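Report on the structure
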Amino acid sequence: MLPDSLWRILRIGSAGLVLAAAAVGLVLGDAWLWVAVEWSPPAFAGFYARGGFGTSTTAALLVAALVKAALLWLILRAPAPGLLDRRARALRLLLYLAVAYALVLWFPIALLPDAVDAAFQLALWAAIDVLYLLVIRWRSRVLRAAAGAIFAVELAGMADDLLDELDLPELGSGGVVELGLMLGGVAATVVTLVGQRRDGRWSRGTQAAGWVSVGVCVLVIPLNVRFAMIPSGGDLAIPVMMDALGLVSTVWIAATARELPTEGRPADLPPARRRMIRVAAAAVALLPVIAMIHPEQTPHFAYTGWSANCYDRPSFGDLKPAERDAAFLCRARSTDGGVPPMFPDSMSDQQVLAYGRALCRTKDREEQEAILTRAGSARPAWGADPWDLVYVCPEIVGATHPELLRSTAETKAANDAYVADRNAECRDPWPRTKGVVQATANYFLFADGDPGYLVYDPQDEAAGEAAERATDKSFDDSALIGVAGSAVLVGHVEDVADLCLTVKAFRTPPPRRTAGWDQVDEVPVVSRSGRLTVPEMGEGGEVGAGAPMPNLAIAGKGRYRVRVHVRVRGLGEEHLVVVFPGSSRKRLKLRP
């Protein structure tokens, strides 16, 4: 450990540096002031307050600088002298590592993938919690067991965050589970404080710092709903102060590490200071309750559009009646894709819902535009879409758009039934000649949007480039078919949204069949991986074959010939694609 003189220099230097940097930042501008006080890149401030800091934010930053300087003075006190056994020494080192993470290490670790940060914190606090159970003298087996259970809940919350970052199934879903895991960290602090009191080696000042940190955590939970996602140009005063008060938990962790030696228990604080700390702790504990009490007429802001619950887009049929208003609020305040929200950020939930129900009763876009203009919307000309309004007036929207009332399962069943019906309308145009592999299905296209479909090698490393070149060639040559290496782009004759497609693969060239077809072409293609197929319509997709497509490269890697038959009849456009091995690179028009 460092000698006491170096600890004193470190304390004086750190606290003085924070105050001096804040003074310099006040002169040089908002970005410098933010870095000096918040210890984070100025881009964070620019993201939240693009128009510059207001008076309240600047004042909060200056006060936060004083608070942080004072807390750093407490954090960087020299460790108490005394012998430590192996477990206590390891606990002290890990606690000081947690302090270093809170003050300095969080930024370089934040430059790494989020999963690294989550894994680091899980490993660190798992080791600290185990050592807490071994080092603290709980003086009760029941209390030690309860502490172990609470620590397990805290670590489960951290493990849940890690699973989320790794895109793995989480431990639980829903607000109740999420809140329970969040409160696990608060409960772990409380039970540790109980253990410290029963142990007897930690001073009243250290325990007071722990209880104040609990109050700050409890205060953050209700305020986080409102201030976690701040609109552009928002007031940052409350988040800045909450960030400064968050260092109280670091004070407690540092004091816990400092007072680990069993001999030479620190002297208690004078009575006057004890009373002052009790008053401060009581005030912090009561602030969450006071902050959550509002007059009935006060506007509520439950969802900002960036709230965590708004990232999910559930179908109307999947929601309970009590959840539908919240879903509309998410959509009305959404800024996905960089578009402005439907209603201003300053408008309360009650007003947004009232305007939403008024939009439901309009007869045309002009009435919707008038209502949105009156509401101060940044996009009145866009109107409101029925798939957004269905959450506040299902009885009105459902009368004209009943499909919007479906659940996810009902929508999938309806889509599957539609695809099956369209596939059933398609027939094999060459039924007497069976291929080694073959399939017939409806191929879905975007009307007037897709140039056609591909017969390609999807596992070719240059598959994307080949598909682009084939598409370009179909346009450049004004031809129905474009060819480029491992991709063949087959266009369509009419402006259709879908067509009937049959694919067949043969080991040898089949007889040429041109009668009854409007156009027959034969082109070369290469399979570099041993696969040739046609894109299928994926889960939730709108383009592709409506049924599984086989691998048409039945001879493995090599060169193949693709013979494309096209015709248009009363029922629509029909294609027959025949594939067989062939080394020729000629392009043939068998029926122009």
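Just so you know, these numbers come straight off a predicted model, no measurement behind them.

Okay, the confidence of the model for the protein next. Looking at the protein as a whole, its pLDDT mean stands at 83, while 83% of the residues score no less than 70. Across the protein, the element-wise mean pLDDT spans from 56 in helix α3 (residues 42-48) up to 96 in strand β1 (residues 437-444). Low pLDDT (under 50) marks residues 225-233, which in the prediction has 21 contacts with non-local residues, meaning those over four places away or in another chain.

Let's shift gears to the sheet that holds strand β7 (residues 544-545). The sheet built from seven strands is open, its strands ordered β7-β1-β5-β9-β8-β6-β10 with mixed pairing. In this open sheet, the two edge strands, each paired with only one partner strand, are β7 and β10 (588-591). Sheet topology places strand β6 (residues 519-527) next to β10; three bridges connect them, and they run antiparallel. Counted as the bridge partner of D521 is K589 from β10. Its contacts with the sheet put helix α18 (residues 408-424) on β1 and β5 (498-505), and the angle it makes with β1 is roughly 120 degrees.

Burial analysis of β5 places eight of its eight residues in the buried class, the great majority of the element. Of the two faces of β5, the one carrying D498, C500, T502 and K504 and the one carrying L499, L501, V503 and A505 are both buried. Strand direction decides the pairing type here: β1 and β5, joined by eight bridges, are antiparallel. Bridge pairing in β5 places A441 opposite L501. Note: β5 against strand β9 (residues 572-581), six bridges, orientation parallel. By the bridge assignment for β9, A505 is matched with V579.

Moving on, we get to the packing of aromatic side chains. Taken as a whole, this structure holds eight aromatic pairs when the rule is applied. An angle of 80 degrees between the planes, with centres 5.7 Å apart, marks the rings of W106 and F107 as edge-to-face. With a relative accessible area of 33%, F107 lands in the partly exposed category. Seen in terms of ring centroids, F316 and Y391 are 6.1 Å apart; in terms of plane orientation they differ by 55 degrees. Their pairing is tilted. Taken together, the residues F316 in the loop between α12 (271-292) and α13 (324-332) and Y391 in the loop between α16 (386-389) and α17 (394-400) connect sequence positions 75 residues apart. Just as F316 is buried, Y391 falls in that class too. In this structure, R567 packs its charged tip against the face of W517, placed 4.0 Å from the ring centre.

Right, let's get into the pairing of β9. Of all the 10 residues making up β9, eight are buried; the element is thus mostly covered by neighbouring parts of the structure. As paired strands, strand β8 (residues 558-569) and β9 are joined by 10 bridges and run antiparallel to one another. Along β9, the bridge assignment pairs V564 with V577. Remark: two residues form the turn of the hairpin made by β8 and β9, two consecutive strands paired antiparallel.

Let us look at unusual backbone geometry. Note: most residues except glycine have negative phi, and most peptide bonds are trans. Positive phi, close to 60 degrees, is recorded for R139, a residue that is not glycine. Tracing the chain through its elements places R139 in the loop between α6 (114-135) and α7 (141-165). Even without being glycine, D167 reaches a positive phi, approximately 55 degrees. By the secondary structure assignment, D167 is in the loop between α7 and α8 (175-199).

Here we come to the environment of W138. Position of W138 relative to the elements: it lies in the loop between α6 and α7. By relative accessible area, which is 0% here, W138 ends up buried. Put simply, W138 and T192 are 54 residues apart on the chain and 9.3 Å apart in space, counted from C-alpha to C-alpha. Among all residues touching W138, those that are not within four sequence positions of it are Y132, L133, L143, R144, A147, F151, V191, T192, G195 and R198. A distance of 3.4 Å separates the side chain of W138 from the backbone oxygen of L133, its partner in a polar contact.

Note that G185 resides in helix α8. G185 sits in the partly exposed class, given a relative accessible area of 25%. Sequence separation between G185 and F151 is 34 residues, and the spatial gap between their C-alpha atoms is 7.9 Å.

Mapped onto the elements, T189 comes out in helix α8. Residue classification places T189 among the buried residues on the basis of a relative accessible area of 15%. Setting aside chain neighbours within four positions, we find T189 in contact with G210, S213, V214 and W252.

Axis separation between helix α14 (residues 349-360) and helix α15 (residues 365-374) bottoms out at 9 Å; the angle between their running directions is 165 degrees. Overall, the two elements α14 and α15 adopt an arrangement that is roughly antiparallel. Crossing angle aside, the handedness with which α14 passes α15 is right-handed. Between α14 and α15, the residues in contact are Y355, A358 and L359 and Q368, I371, L372 and R374, respectively. Classifying every residue of the contact of α14 with α15 by side-chain character gives five nonpolar, one polar and one charged.

Conventions we followed
Residues numbered from 1 in each chain as written. Predicted model: local features only at pLDDT ≥ 70, side-chain atom pairs only at ≥ 80, totals over all residues. Heavy atoms only, no water. pLDDT = per-residue confidence, 0-100. Helix = DSSP H or I, 4+ residues; strand = E, 2+ residues; numbered from the N terminus. Contact = heavy atoms within 4.5 Å. Pairing = 2+ DSSP bridges. Axes fitted to C-alpha atoms, helices over the stretch in contact; angles between N-to-C directions. Buried < 20%, exposed > 50% of the residue type's maximum accessible area, 1.4 Å probe, protein only. Phe/Tyr/Trp six-rings, centres within 6.5 Å; stacked < 30°, edge-to-face > 60°. Lys NZ or Arg CZ within 6 Å of the ring centre and 35° of its normal. Polar contact = N/O pair within 3.5 Å; in protein donor to acceptor, adjacent residues only side chain to side chain. Parallel < 35°, antiparallel > 145°, perpendicular 65-115°, else oblique. Left-handed = near helix turned anticlockwise from the far one by under 90°. Nonpolar A, V, L, I, M, F, W, Y, C, P; charged D, E, K, R; others polar.

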